[in-house]
Every structure is written in C-alpha cells, then in structure tokens.
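Residue-level structural notes
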Amino acid sequence: QVQLVESGGGLVQPGGSLRLSCAASQSIFSIYTMGWYRQTPGKQRELVADITYGGWTNYADSVKGRFTISIDNAKNTVYLQMNNLKPEDTAVYYCNRRNLQSDINVWGKGTLVTVSS
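Summarised in this report is the structure supplied together with it. Worth saying up front: this structure is predicted, and the values here are computed from it rather than measured. (Residues numbered from 1 in each chain as written. Predicted model: local features only at pLDDT ≥ 70, side-chain atom pairs only at ≥ 80, totals over all residues. Heavy atoms only, no water.)

1. As for the pattern of salt bridges
- Across all of its chains, the model carries 5 salt bridges by this definition.
- Of the charged contacts, one joins Arg38 and Asp89 as a salt bridge, the two residues approaching to 2.9 Å between their closest N and O atoms. Separated by 51 residues along the polypeptide, Arg38 in strand β4 (residues 32-39) and Asp89 in the loop between β8 (77-82) and β9 (91-99) bring together distant segments of the chain. Take Arg38 and Asp89: they sit in the same class, and that class is buried.
- Notably, a salt bridge pairs Asp61 with Lys64, separated by 3.1 Å at the nearest N-O pair. (Salt bridge = Lys/Arg side-chain N within 4 Å of Asp/Glu carboxyl O. Helix = DSSP H or I, 4+ residues; strand = E, 2+ residues; numbered from the N terminus. Buried < 20%, exposed > 50% of the residue type's maximum accessible area, 1.4 Å probe, protein only.)

2. A few points about the packing of aromatic side chains
- Scanning the model with the defined rule gives 1 aromatic pair in all.
- In this arrangement the basic side chain of Arg45 is found over the ring face of Tyr94, its NZ or CZ atom lying 3.7 Å from the centre.
- Over the aromatic face of Tyr32 sits the side chain of Arg97, whose NZ or CZ is 3.7 Å from the ring centroid. (Phe/Tyr/Trp six-rings, centres within 6.5 Å; stacked < 30°, edge-to-face > 60°. Lys NZ or Arg CZ within 6 Å of the ring centre and 35° of its normal.)

3. Regarding the pairing of strand β1 (residues 4-7)
- Every second residue of β1 is oriented toward a common face, the buried set being Leu4 and Glu6 and the non-buried set Val5 and Ser7.
- Pairing between β1 and strand β3 (residues 18-24): 4 bridges, direction antiparallel. Within β3, the residue paired with Ser7 across the bridge is Ser21. (Pairing = 2+ DSSP bridges.)

4. With respect to the side chain of Glu6
- As for its position among the elements, Glu6 is in strand β1.
- Despite its burial, Glu6 remains without a salt bridge, the nearest opposite charge being carried by Arg45 at 7.4 Å.
- A polar side-chain atom of Glu6 sits 2.8 Å from the main-chain amide nitrogen of Cys95.
- Leaving out residues up to four positions away in the same chain, Glu6 has contacts with Ser21, Cys22, Trp36, Tyr93, Tyr94, Cys95, Gly108, Lys109, Gly110 and Thr111. (Lys, Arg positive; Asp, Glu negative; His and termini not counted. Polar contact = N/O pair within 3.5 Å; in protein donor to acceptor, adjacent residues only side chain to side chain. Contact = heavy atoms within 4.5 Å.)

5. Focus on the nonpolar core
- Counting 29 residues, the largest nonpolar core has Met34, Trp36, Val78, Leu80, Met82 and Tyr93 as the members making the most contacts within it.
- For this core, the secondary structure elements donating two or more residues are β3, β4, β5 (46-52), β7 (67-72), β8, β9 and β11 (111-115).
- Looking at which element gives the most residues to this core, the answer is β3, with 4 residues.
- Sequence-distant contacts of Met82, defined by excluding residues within four places in its chain, comprise Gly16, Ser17, Leu18, Leu20, Arg66, Phe67, Tyr93 and Val113. (Core = buried A, V, L, I, M, F, W, Y, C linked by side-chain atoms within 4.5 Å.)

6. Thoughts on the sheet that holds β7
- The 4 strands are arranged β1-β3-β8-β7 in an open sheet whose pairing can be described as antiparallel. One side of each edge strand has no neighbouring strand; the edge strands of this open sheet are β1 and β7. Across the sheet, the mean angle from the axis of one strand to that of its neighbour is 15°, orientation sign disregarded. (Axes fitted to C-alpha atoms, helices over the stretch in contact; angles between N-to-C directions.)

See below:
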C-alpha cells in the first residue's frame, strides 16, 4: 500500500508563501492523478489543485494565480507552491493519489497551514 507523507505546513503571515511537499512511497505512474485538497472544521474536503503524470493541471478558482502544483516523477514527489496566502487559506492540506482506472483514492495524514498575523 502506497504511503503519502506531506510536509511544509506551518504558520505564515498574510501575503506570505509556503511550499508543501508530498512524498509517495511508490512510483507515480500515468494511471494516477496527484492532488492537494484542504479541509477546515465543519466543512467538506475540497480540491485545491491536481496534476496528471504528464503535467496537466487543474486549480480551484480560489487559488488560481496564487498556487502552483508541480510534480517530480523521478523523486515521486508532488509540490504545492502557495504565494500571496490569505487567512481563508488556513486549513489542513491533504495529499491525494487517485487511480484513474479504479477511482481508488489514497490520502496522506495532512499538514496544517495557518495564515494569520
């Protein structure tokens, strides 16, 4: 069973930047999409951004122009560069791997991002 380990969360002031990393214990193949989701208390987990093995990306409207997702297939790692952070970006961020053939999802344990002055 693949494991996804997130890192890079923390406390940052509004307007600041953070880069999240997600290291997968297995190789990332073309049948998978890798993504970042976030969740706040009392709300459903929502998609932030995802990326295919070939590099096609998709972003939530709320983060377009501020966040960038990227993938390093050689390192089995997915990144989320977050710039111009806002207090409403505060959430637990989860890494996700979705099998495009079976639709099976694997989740990391999450990393907390807090945007506050």
